[in-house]
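# Tertiary structure, described
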Amino acid sequence: MSDDKGFTAKEALGFATFAAVGLVLGIAAYQAGGRLSGAGSGAVVASAGAATTPDGQALYVGNCAGCHGGQGQGAVGPAMKPSASWSDAEFKEAVLHGHAPGGRELKNVMPRFGTIGLDGAPATDAQLQALHKYLGTLP
């Protein structure tokens, strides 16, 4: 017969420490995710008639930089500088539907933003123009 009476004090302390560290890390990760998503930052109030101009740089960073590089230098996707010289209609067709000027089909890894939207919402002409204009500022 065994004299096993449960956990030792050292084992119980180790388990409690492990649980506390896990809880702290979980809460910190949850809060960081909320900050990244903008959750909990309060409502942004603007008058109904106030038109805001989309930020081309923010759109680029949020939707394009992951593949095309922070400065549009190219990475998974090609460099963005050539697209700055496209017409607005050509740029719109490429971004929304994956058709580059001349009818060339962009690779499948290029999201079709006409389907998925920019930042999770349908892309607007103002967003596309701001994004296209921003590309013209890249080195």
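Let me begin by describing the structure that accompanies this report.

Conventions used here
Sequence positions are assigned chain by chain, starting from 1 and proceeding in written order. It should be noted that, the model being predicted, local features are given only for residues of pLDDT at least 70 and side-chain atom pairs only at 80 or more, the latter also being counted only at that level, while totals for whole chains, interfaces and linings use all residues. The side-chain quantities take in all heavy atoms of the structure and omit both hydrogens and water. For Phe, Tyr and Trp, where Trp contributes only its six-membered ring, two rings pair if their centres lie within 6.5 Å, and the inter-plane angle classes them as stacked under 30 degrees, edge-to-face over 60, or tilted in between. Comment: elements are numbered from the N terminus, with helices defined as DSSP H or I runs of at least four residues and strands as E runs of at least two. Remark: exposure states derive from per-residue accessible area (1.4 Å probe, protein chains only) relative to the maximum for the residue type, with buried under 20%, exposed over 50%, and partly exposed in between. Pairs of residues are marked as contacts when any of their non-hydrogen atoms sit within 4.5 Å. The definition of a nonpolar core used throughout is a set of buried Ala, Val, Leu, Ile, Met, Phe, Trp, Tyr and Cys residues joined through side-chain atoms within 4.5 Å. Under this definition, polar contacts are N or O atom pairs within 3.5 Å; protein pairs additionally need one hydrogen-donor-capable and one acceptor-capable atom, and for neighbouring residues in sequence, both atoms have to be side-chain atoms. In the sections that follow, a salt bridge refers to a side-chain nitrogen of Lys or Arg positioned within 4 Å of a carboxyl oxygen of Asp or Glu.

According to the stated counting rule, one finds one aromatic pair in the structure shown. An angle of 45° between the planes, with centres 5.7 Å apart, marks the rings of Tyr-60 and Tyr-134 as tilted. Highlighted residues: Tyr-60 in helix α2 (residues 56-63) and Tyr-134 in helix α6 (residues 125-135), separated in sequence by 74 residues. You'll find Tyr-60 and Tyr-134 in the same group, each marked buried.

The next thing to look at is α6. Taken as a whole, α6 has its buried residues at Gln-127, Leu-128, Ala-130, Leu-131, His-132, Tyr-134 and Leu-135. Its buried side turned inward, α6 meets α2 and α4 (88-97).

What follows is about the environment of Ala-130. Following the sequence through the fold, Ala-130 ends up in helix α6. For Ala-130, a relative accessible area of 14% corresponds to the buried category. When the C-alpha positions of Ala-130 and Asp-55 are compared, they lie 6.3 Å apart, and in sequence the two are 75 residues distant. Among all residues touching Ala-130, those that are not within four sequence positions of it are Pro-54 and Gly-56.

Counting residues in hydrophobic clusters, the biggest one holds 19 residues, and the most contacted among them are Tyr-60, Phe-113, Leu-131 and Leu-135. Within the residue set of this core, elements represented by two or more residues are α2, α4 and α6. If sequence neighbours within four positions are ignored, Leu-131 has contacts with Gly-56, Leu-59, Tyr-60, Cys-64 and Phe-91.

Here we come to the side chain of His-132. As for its position among the elements, His-132 is in helix α6. In terms of polar contacts, His-132 uses its side chain to reach the backbone carbonyl oxygen of Trp-86, at 3.1 Å. In this view, His-132 contacts Ser-83, Ala-84, Trp-86, Ser-87, Asp-88 and Phe-91; residues no more than four positions away in its chain are not counted.

Attention now goes to the pattern of salt bridges. Scanning all chains against the criterion turns up two salt bridges. One salt bridge in this structure joins Lys-92 and Asp-125, with 2.8 Å as the shortest N-O distance. You can see Lys-92 sitting in helix α4 and its partner Asp-125 sitting in helix α6, a full 33 residues away along the chain. Linking Arg-112 and Glu-105 is a salt bridge whose minimum nitrogen-to-oxygen distance equals 3.0 Å. According to the relative accessible area criterion, Arg-112 is buried, its value standing at 18%.

Such coordinate-based values are descriptive only and should not be taken to indicate function.
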